[in-house]
Number of protein chains: 2
Amino acid sequence: MKIAILGLGTVGYGVYDIITNTPSVKNVEVVKILGRSLNKNSLINQPLMTTDYNEILQDETIDVIIETMGAKDFSYQCIKQALMNKKHVITANKEVIALHLEELSKIKEENNVSLYYEASVGGGIPIISSLEEIIKTNKVFEIKGILNGTTNFILTKIFQENINFNEALHLAQKLGFAESDPTADLEGLDMVRKIAILSSIAYSGNIDINDVYHYGILNLKDDDIEFIKSHNYVLKLIASSVNNLNKVSIEVEPVLINLGNTFASVDNEFNIITVDANINGPLAFYGKGAGRFPTGNAIVNDLVRIIENRTNYTYKAKNKLKIINRVKEERYYLNIKDLNLVDKKIIDSQTNNLIITRKISRDVLLNMLCNINFYARIL
Amino acid sequence: MKIAILGLGTVGYGVYDIITNTPSVKNVEVVKILGRSLNKNSLINQPLMTTDYNEILQDETIDVIIETMGAKDFSYQCIKQALMNKKHVITANKEVIALHLEELSKIKEENNVSLYYEASVGGGIPIISSLEEIIKTNKVFEIKGILNGTTNFILTKIFQENINFNEALHLAQKLGFAESDPTADLEGLDMVRKIAILSSIAYSGNIDINDVYHYGILNLKDDDIEFIKSHNYVLKLIASSVNNLNKVSIEVEPVLINLGNTFASVDNEFNIITVDANINGPLAFYGKGAGRFPTGNAIVNDLVRIIENRTNYTYKAKNKLKIINRVKEERYYLNIKDLNLVDKKIIDSQTNNLIITRKISRDVLLNMLCNINFYARIL
């Protein structure tokens, strides 16, 4: 079986390394690698390298394309073209999958090839293949997760190691966990894509990422951190998705949890995903959410699925999902701008402009947003 | 595809229920059920029932046998005979799999049929299929787990809800989590079987359950409980297996963990399994370790594997494993019988006859066992 890898960044190189050095991955040969330049990586045998994607997409001898470029439109076009040229595709691209899963799944079926994307969510955690199994016999009610290594690394440093926000961010960048522009991570957009993918699969529908509510940790300030620590909470950015008869509430937002909660012990670049299903009950999956080898391994596991000619992923947007606001009333931590504008009835306890609310509806929270410096739901 | 279920207890009935009521499980028909008597369960259509296992094993039209009797020799004989009669077999029987996995895997291969046993470990947690995936590209170094619902339920009640041992045991029996004779669970024998199965698969070798060291919670007394609580530990019965170049240390024993540790938040009948692998890094899997529907669901997922004609489990005892004592020095909590016999150099702190040791070798611990009322490793 002949393979081409698109992209030779962290993940692409990891895939090449694992394929080349794992004796049990047999009968595959990497025949082409698409790079930005020919000279960039001297570790790779130069005749393998090309900068022309057509050389790969038009090569009829290539069976499988592994897309690790992480681009948006260009990756999407390459994946689509590869499927139409009857090549199996494996991708780690959460943005493309979140935006185009329904269309690409149709194209894959029409062309009788495979499309695998285990690596698009949760790095080395086998969550997509597990979800595919779970939904064969279960209805999934709820998915929750810590799905972004960058923000979780920063929050771990702040709340468990007493490092301040900026130092934590710089450390994350230095260690390669955070992008030079980390806004998409800090705003929760990366987690929006991932919870949209998981929910689409679990509920057999199509979640538009523009419908996913998100509130990140960009506005987290020292007074929030101090208050949260002094009340023995840990802050985590959590994606959450609840399905009740195809009415789905789905959001990414900061959550305060007690130290004894399982999510509180998910540190640094680790991810956790919990799935609640009608027959299986609650399940949780934990592992490294990012990095060359965990993500590379997820891709190589997908490759083994193709080699062993196993059942394809079965995603189909059968159900029409309606996005609604979180139904349950919850308690929230609020850092208020102008206390005079706050309805006193919702206050449970108060320290200056920092409030813990009684259980309030989602509408009440959303109506207050412009008067809030920062907030977190309390679990 | 024609199915027969052997046994109509908790799990057998769950399997029948899920197969019958899950629309996505298609093209299967339960044609026979082996019960102890014909009248026992009026919920089942009577012509399906039989008390004669030969009527099932000799029926050439039956494709798949689902074994849920939980017997030892009789289940083993039925599974073996079914495989030799070229029927696919799915079993939840941890005792049979722990004792006979190597032999049954050979018989299955010779007869070109499948043998699946996801339900034998971890109830509804997809741990065996996940391990099968992980070892395709990884070497597994370590497996740890809370793998027994009964003991974990009892320990949760004692340490989180302040119920005493006997009351907790009776409650577990009342709720159907504990057998009327719970000795095998309390001694850790049930977990011995499960960690042996997981280790055999992960290390592609054969672990003899007689080689697995175990020390249960039968001797846990009020003074231990009081000491452990007052030191802010939680006690869990944990199975642990470490592989270093086919030298395997494997044991089931009580472990003291801090409240912040992930294992501390695994309550009641829930199980957790962690797997540390060279490429994937650490992974953890969490879910309901027992019960009609989680276990029944694991079996039906195996059935879907057969229906979809997917790759068989690949277990083969390729590696010769040598069992050794735990290599790492550890700290232990010891409830001592005769303090005069204890080497003072190993004591880190002491409250009457209750000792926390400095790091000591496994030999030192094992040599002291006859002078110990109860002990736990400290994590």
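Given the structure is predicted, the values throughout are model-derived calculations rather than measurements.

Caption draft 1: Looking closely at the interface of chain A and chain B. Across the contact, 34 residues belong to chain A and 35 residues belong to chain B. Both sides together, the interface formed by chain A and chain B hides about 3000 Å², and carbon and sulfur atoms give 50% of it. The salt bridge involving Lys136 of chain B is made with Glu308 of chain A; its shortest N-O contact spans 3.1 Å. Seen at the junction of chain A and chain B, the total is twelve residue pairs in polar contact (both at pLDDT 80 or more). Of all the elements in the fold, those that place two or more residues in the side of chain A that touches chain B are helix 5 (127-137), strand 12 (281-288) and helix 11 (292-307) of chain A. Of the residues that constitute the side of chain A that touches chain B, the class distribution is 15 nonpolar, 13 polar and six charged.

Caption draft 2: Fine view of the pattern of salt bridges. Residues and elements named next belong to chain A. According to the stated counting rule, one finds 39 salt bridges over all chains in the structure shown. In this structure, Asp302 engages Arg305 in a salt bridge whose closest nitrogen and oxygen atoms are separated by 2.6 Å. With a gap of three residues between them, Asp302 and Arg305 both fall in helix 11, about one helical turn apart. One salt-bridge network, held together by shared partners, links Glu251, Glu253, Arg326, Glu330, Arg362 and Arg377.

Caption draft 3: Highlighting empty space enclosed by the protein. In the structure shown here, the tally under the stated rule is four cavities of 30 Å³ or more. Of the voids in this model, the largest cavity is the one considered here, and its volume is about 540 Å³. Considering the residues around the largest cavity, the lining is formed by 33 residues, among which Glu133, Arg305 and Arg310 of chain A together with Glu133 and Arg310 of chain B are closest to the centre. Listed by contribution, the elements that provide at least two residues to the lining of the largest cavity are helix 5 and helix 11 of chain A together with helix 5 (127-137) of chain B. With six residues, helix 5 of chain B is the single largest residue contributor to the lining of the largest cavity. Of the residues assigned to the lining of the largest cavity, the class counts are seven nonpolar, 13 polar and 13 charged. Approximately 100 Å³ is the volume attributed to the second largest cavity. Lining the second largest cavity are 14 residues; nearest its centre among them are Glu133 and Asn280 of chain A together with Gly124, Pro126 and Asn301 of chain B. Every element with two or more residues in the lining of the second largest cavity is listed here: helix 5 of chain A together with helix 11 (292-307) of chain B. Tallied by class, residues from the lining of the second largest cavity come to five nonpolar, six polar and three charged.

Caption draft 4: Layout of helix 11 of chain B. Residues and elements named next belong to chain B. Under the 1.5 Å per step criterion, the end-to-end length of helix 11 is 22 Å for 16 residues, consistent within 8% with the ideal 22 Å. In terms of burial, helix 11 is largely enclosed, as 13 of its 16 residues are buried. Two residues or fewer after helix 11 comes Asn309, characterised by a positive phi angle close to 60°.

Caption draft 5: Quick peek at the nonpolar core. Core analysis: the biggest nonpolar cluster contains 247 residues, and Ile127, Val140, Tyr333 and Leu334 of chain A together with Leu334 of chain B have the highest contact counts within it. Ranked by residue count, the leading element in this core is helix 9 (residues 189-203) of chain A, at nine residues. Beyond its immediate sequence surroundings of up to four residues, Leu334 of chain B is in contact with Ile346, Asn353, Leu354, Ile355, Thr357, Leu365, Met368, Ile372, Phe374 and Tyr375 of chain B.

Caption draft 6: Here's a closer look at the relation of the copies chain A and chain B. Once chain A is rotated about the relating axis by 180° and shifted along it by 0.0 Å, it coincides with chain B to within an RMSD of 0.0 Å. Such values leave the two copies arranged in the relation of a two-fold axis. Among all C-alpha atoms of chain A, that of Phe285 of chain A lies closest to the rotation axis, at 2.4 Å. Here 100% of the interface residues in chain A have copies in chain B that are interface residues too; the copies meet face to matching face.

Caption draft 7: Main features of the sheet that holds strand 6 (residues 115-116) of chain B. All names here are of chain B. Taken together, the six strands give an open sheet; going across it, the order is 3-2-1-4-5-6, and neighbouring strands pair in parallel fashion. Either end of the sheet is taken by a strand with one partner, and the two such strands are strand 3 (49-50) and strand 6. In the sheet, strand 4 (residues 64-67) pairs with strand 5 (residues 88-91) via four bridges, with the strands oriented parallel. If you follow Val64 over to strand 5, its bridge partner there is His88.

Thresholds, definitions, all that
Residues numbered from 1 in each chain as written. Chains lettered and ligands numbered in written order. Predicted model: local features only at pLDDT ≥ 70, side-chain atom pairs only at ≥ 80, totals over all residues. Heavy atoms only, no water. Contact = heavy atoms within 4.5 Å. Buried area = accessible area lost by both parts, 1.4 Å probe. Salt bridge = Lys/Arg side-chain N within 4 Å of Asp/Glu carboxyl O. Polar contact = N/O pair within 3.5 Å; in protein donor to acceptor, adjacent residues only side chain to side chain. Helix = DSSP H or I, 4+ residues; strand = E, 2+ residues; numbered from the N terminus. Nonpolar A, V, L, I, M, F, W, Y, C, P; charged D, E, K, R; others polar. 1 Å grid on protein atoms, 1.4 Å probe; cavity = no way out; pocket = protein on both sides within 12 Å on 5 of 7 lines; lining within 4 Å. Points joined across faces, edges and corners; volume = space filled by probe spheres on them. Expected span 1.5 Å × (residues − 1). Buried < 20%, exposed > 50% of the residue type's maximum accessible area, 1.4 Å probe, protein only. Core = buried A, V, L, I, M, F, W, Y, C linked by side-chain atoms within 4.5 Å. Least-squares fit on C-alpha atoms with pLDDT ≥ 70 in both. Pairing = 2+ DSSP bridges.

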